Amino acid sequence: MRIVEQPRLDSDGDATLRLRLHTADIPHRPRGLELGDDEEFIVKIRPSLFAPPSAEVDHTRFLGFPHVLQGQRLCIYLDPSREWRPSAGMAGYLSRLWDWLTDAAAGAFDPSTAMYHAVGGVLHHADATPTIVVREPGPPKRQQIARLVARSPHRYDLTYSTDRDGHRTPVFVLASDLPFGAASTFALFLTLLDDPHLDRAEGRPPEVSPQSPAFLTSLLASALRNPDGTEQYFVLAVPHPAGGPHHLLGGRLPATTADALRRLAKKHGTAVNLDPAIINADIPIEWCNMSDERQEVTTRRDDNRPVNGFQGKTVHIWGCGGLGSWLAEFIARAGASAITVCDPGTITGGLLVRQNYTEADIGQTKADALATRLRAIRDDLTVTVAEGSVPDPAVSLSADLIIDATVSHSITTYLDTLAGEDRTALIAQVATDARTGSLGIANICAPGDTCTPSELDDQAGRSVVADGGLELYHRLWEDAAEGDELTPTRGCSVPTFHGSAADLAAVAATLVNMIGLHLQQAEAPVSGTHLIALPHAPAGPRHHFLPAASDTRG
């Protein structure tokens, strides 16, 4: 490595230098980046520990390779917060740069996941723009009118439904990727639409036919139908060089520009062919954050975890207290399609110490408050509140899962009668210990199995109490001793359990994982009893599973 130009400081305190790396010995493989014997880089070193140095080149030979932004800027830190180590200094930075050169020359990047492969960089996000949420797949049309529906000042949802009111927004499918990015000004953006690879600058005809006339027509038609004084949004669908779903970009023109487009459309119609060269070069495009949640481009963050068993399932949760209120939220986030909650109890302030409610919920029934919370978690989740102590048994038995999170002996007796019925539902009865709230138990009755929750509990209790190695769990079958239960207020107060919100949430989360494992079983799920303990519980096995005595499959 040689520094070929002395560092210079700019007014912001950044130091810029030019360095040369001897790259002749880097192995090259077919479809890899062709490197010269030496490569020069313009390196900018920032004065902050939190910003890594950047690297640029003054040519376009790297254009089209992954992690090359706007044709000349290298993105060698995908996530600087995790990948940039200031303590490693310039040596660490140069190693990172060298790794990029080595991978690029070897063609080692995965083109389907490499950053900014379809769009060569959108570096001008405006702070005040909303995030655009996209969940619907786009129609197979080159141009389409969609609507942006405001959910909050920070969020707009894109929909193709004509039944919804909202800001008319053109969705425009480009014919080519944008290796030089999408620009930060309207004029340059239109130029890039017609010449995405800047072929004219190299003396070649552009690879694509001009796209700006059709885009402008679509933009004018939308602007004309939106109110005066409002910004004009648009969405671009950019093809990915590796194929597959398009990359989506959301942009916004200022209200003054949108009004000018409206006046133009009213005077000359929407089929106006504007020359990008005559457009004010200072008109900005404000790029929005995109939350692209289309199924074809999204991988769930809980992929391959036990909770995947809840994907698309219908779940009934009886009892929305210390365990049930947390269970319901975890199952909602795990992708259940429908949840029915049932608990006529009323929320009081003292419950907030351990149950999943807030001050605003006090005075509501637990079922109603929990349903509101679950609906706020996911738009596509169907939440039903069952009146009374339990839902209609015919409906419950046809669900995928019934969870009894009550402490009611009457509910247990009722559940025992349902267990012998013809049912689709897997039944899980869950509880914690009264003394600490750090133990958990889940009795699982698989569909087709005739054992009842009470029978499973009796079987498990006899085995556990007879096993000294499971002494930690004996208390789950012992009568509550004095002090095990808590009397929260003086007077005629019903004794309740100890335990914190952290305890109950942790026990509930572990039990959700255990139940999820049964839902994932491809063949007939196994019946049995899970015993779990949190790390701060007294010594003992943290998990123990007892298969049902009549079930030899486990």
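Residues numbered from 1 in each chain as written. Predicted model: local features only at pLDDT ≥ 70, side-chain atom pairs only at ≥ 80, totals over all residues. Heavy atoms only, no water.

### Here we look at the overall build of the protein chain
As a reminder, the rule being used: Runs of H or I in DSSP of at least four residues are treated as helices and runs of E of at least two as strands, each being numbered from the N terminus. Buried means the residue's accessible area, taken with a 1.4 Å probe over protein chains only, is under 20% of the maximum for its type, while exposed means over 50%, and partly exposed covers the values in between. Contact definition: two residues touch when any of their heavy atoms are within 4.5 Å.
Regarding its fold elements, the protein chain presents eleven helices and 22 strands. In terms of its C-alpha atoms, the protein chain occupies a principal-axis envelope of roughly 85 × 60 × 50 Å. Counting the 554 residues in the protein chain, one finds 45% classified as buried. Taking the intrachain contacts of the protein chain between residues at least 6 apart in sequence as the baseline, contacts between residues at least 24 apart amount to 64%.

### Notes on the sheet that holds strand 17 (residues 382–385)
By definition, the strands of a sheet pair up through backbone hydrogen bonds, in either a parallel or an antiparallel sense. Filter applied, for reference: Note on pairing: DSSP must find at least two bridges between two strands before they are called paired. For helices, the fitted axis covers only the stretch in contact; all axes are lines through C-alpha atoms, and the angles between them, taken along N-to-C directions, range from 0 to 180 degrees.
Reading across the sheet, the eight strands line up as 17-16-15-18-19-20-21-22 and stay open at both edges, with mixed pairing between neighbours. On the outer flanks of this sheet lie strand 17 and strand 22 (543–547), each paired with one strand and no other. On average, adjacent strands in this sheet sit at an angle of 15° to one another, irrespective of strand direction. Here six bridges tie strand 20 (residues 439–445) to strand 21 (residues 528–533), and the two strands are oriented antiparallel to one another. Looking at the pairing, glycine 440 lines up with isoleucine 532 of strand 21. Each of strand 15 (314–318), strand 16 (338–342), strand 18 (401–404) and strand 19 (426–432) is contacted by helix 6 (residues 324–333), which is oriented at about 170° to strand 15, the strand it contacts most. Sitting on the sheet, helix 10 (residues 453–465) touches strand 19, strand 20, strand 21 and strand 22, and the angle it makes with strand 20 is about 130°.

### Quick word on the side chain of lysine 366
Stated precisely, the cut-off is as follows: Two residue types count as positive, namely Lys and Arg, and two as negative, namely Asp and Glu; His and chain ends fall outside the count. Take a side-chain nitrogen of Lys or Arg and a carboxyl oxygen of Asp or Glu: if they are within 4 Å of each other, that pair is a salt bridge. Polar contacts here mean pairs of N or O atoms no more than 3.5 Å apart (in protein, one a potential hydrogen donor and the other a potential acceptor; neighbouring residues in sequence count only if both atoms are side-chain atoms).
Inspection of the secondary structure assignment puts lysine 366 in helix 7 (residues 366–377). Buried within the structure, lysine 366 lacks any salt-bridge partner; aspartate 343 is the closest side chain of opposite charge, at an N-O distance of 4.6 Å. There is a polar contact of 3.4 Å between the side chain of lysine 366 and the side chain of glutamine 355. The residues touching lysine 366, leaving out its near neighbours within four places in the chain, are Cys320, Gly321, Asp343, Gly345, Thr346, Ile347, Leu351, Gln355 and Tyr357.

### Section: the pattern of salt bridges
Per the counting criterion, the structure on display carries 26 salt bridges. Among the salt bridges present, the one from glutamate 40 reaches arginine 20, with a minimum N-O distance of 2.6 Å. Of the two residues, glutamate 40 sits in strand 3 (residues 38–45) while arginine 20 sits in strand 2 (residues 15–22), which places them 20 residues apart along the sequence. Glutamate 40 gets classed as partly exposed once you look at its relative accessible area, which sits at 24%. Here arginine 20 falls in the partly exposed class, since its relative accessible area comes to 27%. Notably, a salt bridge pairs aspartate 199 with arginine 204, separated by 2.8 Å at the nearest N-O pair. Exposure remark for aspartate 199: the relative accessible area of 1% places this residue in the buried category. Arginine 204 sits in the partly exposed class, given a relative accessible area of 41%. Among the ionic contacts, a cluster of salt bridges with common partners joins Arg135, Arg151, Arg155, Asp157, Glu293 and Asp379.

### Some thoughts on the nonpolar core
Convention followed: The nonpolar core is taken to be a set of buried Ala, Val, Leu, Ile, Met, Phe, Trp, Tyr and Cys residues, with the residues joined through side-chain atoms within 4.5 Å.
Core analysis: the largest hydrophobic core is formed by 43 residues, its most contacted members being Phe310, Ile339 and Ile403. Elements represented by at least two residues in this core include exactly strand 15, helix 6, strand 16, helix 7, strand 18, strand 19, strand 20 and helix 11 (501–520). Counting residues per element, this core draws most heavily on helix 11, at nine residues. Among residues more than four places away in sequence, those in contact with isoleucine 339 are Val315, Ile317, Ala328, Ile331, Ala332, Leu374, Leu381, Thr382, Val383 and Thr384. Ranked by size, the runner-up nonpolar core spans 32 residues in total, among them Val119, Leu178, Leu219 and Leu253.

### Section: helix 9 (residues 409–419)
Short version of the rule: In this context, the arc is that of the directions from the helix axis out to the C-beta atoms.
For helix 9, the set of buried residues is Ile411, Thr412, Leu415, Asp416, Leu418 and Ala419. For helix 9, the angular spread of the buried residues around the axis is 160°, confining them to a single face. Of the exposed residues in helix 9, those oriented more than 90 degrees away from the buried face are His409, Ser410 and Thr413. Contacts from the buried residues of helix 9 go to strand 15, helix 8 (393–397), strand 18, strand 19 and helix 10. Backbone nitrogen of serine 410 and a side-chain oxygen of the N-cap are separated by 3.2 Å at the start of helix 9; the cap is serine 408.

### Concerning the sheet that holds strand 11 (residues 232–238)
The sheet built from eight strands is open, its strands ordered 13-12-11-10-8-9-7-14 with mixed pairing. With one partner strand each, in any of the chains shown, strand 13 (286–288) and strand 14 (290–292) form the two edges of the open sheet. With strand direction ignored, the average angle separating the axes of adjacent strands in the sheet is 30°. With respect to the sheet, helix 4 (residues 212–225) is in contact with strand 8 (143–152), strand 10 (167–173), strand 11 and strand 12 (247–253), its orientation differing from that of strand 10 by roughly 170°.

### Focus: the environment of leucine 49
Position of leucine 49 among the secondary structure elements: in the loop between strand 3 and strand 4 (54–56). Linking leucine 49 and histidine 409, residues 360 residues apart in sequence, is a C-alpha distance of 61 Å.

### Overview of helix 3 (residues 186–194)
Along helix 3, seven of the nine residues are buried, which leaves the element largely enclosed by surrounding structure. Buried-residue contacts for helix 3 involve helix 4, strand 11, strand 12 and strand 13.

### Section: the packing of helix 4 against helix 5 (residues 255–268)
Cut-off, in case you're wondering: Any angle that is under 35 degrees is reported as roughly parallel, and any over 145 degrees as roughly antiparallel; angles of 65 to 115 degrees are reported as roughly perpendicular and all others as oblique. Each residue gets one of three labels, nonpolar for Ala, Val, Leu, Ile, Met, Phe, Trp, Tyr, Cys and Pro, charged for Asp, Glu, Lys and Arg, and polar for the others, Gly among them.
Interhelical geometry of helix 4 versus helix 5 gives an angle of 100° and a closest axis separation of 8 Å. When the axis of helix 4 is compared with that of helix 5, the two are roughly perpendicular. Across the interface between the two elements, Leu219, Leu220, Ala223 and Leu224 from helix 4 touch Ala258, Leu261, Arg262, Leu264, Ala265 and Lys266 from helix 5. By residue class, the composition of the contact of helix 4 with helix 5 is eight nonpolar, no polar and two charged.

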